[in-house]
Amino acid sequence: VPKVSPATCPVLLGGFGTGGAFPMWFFERASWLFGMAAYFLPFTIMYLAVVKFRSEGHNIPFSKLISSLLTPALLSGMLHIFVERSEAASAASQGLYGGQVGNFISSLLLGFLDSTTSFVLLVVLTLISLLFTFSVTPKRFFSWLFALIKKRFAKPEGEVTDLAELKGRASH
């Protein structure tokens with residue numbers, strides 16, 4: 001199983017302004033299309049390459065392909081939601097924020113929702129897309145999330161939170 005797909009290198013190198021004429025040209029086109037979400041594309045391509053080589057018959061399951069391609073598009077929309085509408089097309093043509101895809105998605109959503117609601121909708125859709133991409137059930141994801149939150153906010157064993165006891169320890 002390949003660790004890195006050769007197709008990821010041009011996008012990644014070009015994103016940092018290095019690698020030669022082809023990687024920079026490739027990233028320029030990717031950023032025109034997806035804006036800043038073009039930095040996410042190498043990981044999408046690499047994931048799809050791994051899925052292809054691990055699957056039986058070397059075929060990418062349709063649901064993984066669609067959800068993998070939908071994720072950068074939804075990220076582009078998120079990046080473009082809060083751009084001033086009068087500047088959105090100009091920013092997209094320069095490959096800024098969410099690029100052309102982000103401009104299309106944000107314009108579509110902002111036609112009937114406000115920016116905050118559109119952003120929340122895109123976050124939820126991106127989460128759903130990622131769950132499909134990695135074949136994770138919502139139950140498994142939320143149990144992991146709640147365990148993480150519980151661990152983060154759990155009091156360490158032996159920690160004293162009673163004020164009287166703390167004062168008593170301080171006076172000794």
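Residues numbered from 1 in each chain as written. Predicted model: local features only at pLDDT ≥ 70, side-chain atom pairs only at ≥ 80, totals over all residues. Heavy atoms only, no water.

In this section: the pattern of salt bridges. Under the counting rule described, the total for this entry stands at one salt bridge. Of the charged contacts, one joins Glu28 and Arg29 as a salt bridge, the two residues approaching to 2.7 Å between their closest N and O atoms. Judged by relative accessible area, Arg29 falls into the partly exposed class, the value being 38%. (Salt bridge = Lys/Arg side-chain N within 4 Å of Asp/Glu carboxyl O. Buried < 20%, exposed > 50% of the residue type's maximum accessible area, 1.4 Å probe, protein only.)

Turning to the packing of helix H2 (residues 21-34) against helix H6 (residues 99-110), a few remarks are in order. Between H2 and H6, the shortest axis-to-axis distance is 2 Å and the interhelical angle comes to 5°. When the axis of H2 is compared with that of H6, the two are roughly parallel. Contacts from Ser31, Trp32, Leu33 and Phe34 in H2 reach Gly99, Gln100, Val101 and Gly102 in H6. Considering only residue class, the contact of H2 with H6 consists of four nonpolar, four polar and no charged. (Axes fitted to C-alpha atoms, helices over the stretch in contact; angles between N-to-C directions. Helix = DSSP H or I, 4+ residues; strand = E, 2+ residues; numbered from the N terminus. Parallel < 35°, antiparallel > 145°, perpendicular 65-115°, else oblique. Contact = heavy atoms within 4.5 Å. Nonpolar A, V, L, I, M, F, W, Y, C, P; charged D, E, K, R; others polar.)

This part covers unusual backbone geometry. If you check the backbone angles, His58 has positive phi at about 55° while not being a glycine. Turning to its location among the elements, His58 is positioned in the loop between helix H3 (41-54) and helix H4 (62-80). Even without glycine at this site, Tyr97 takes up a positive phi of about 55°. Within the fold, Tyr97 resides in the loop between helix H5 (85-93) and H6.

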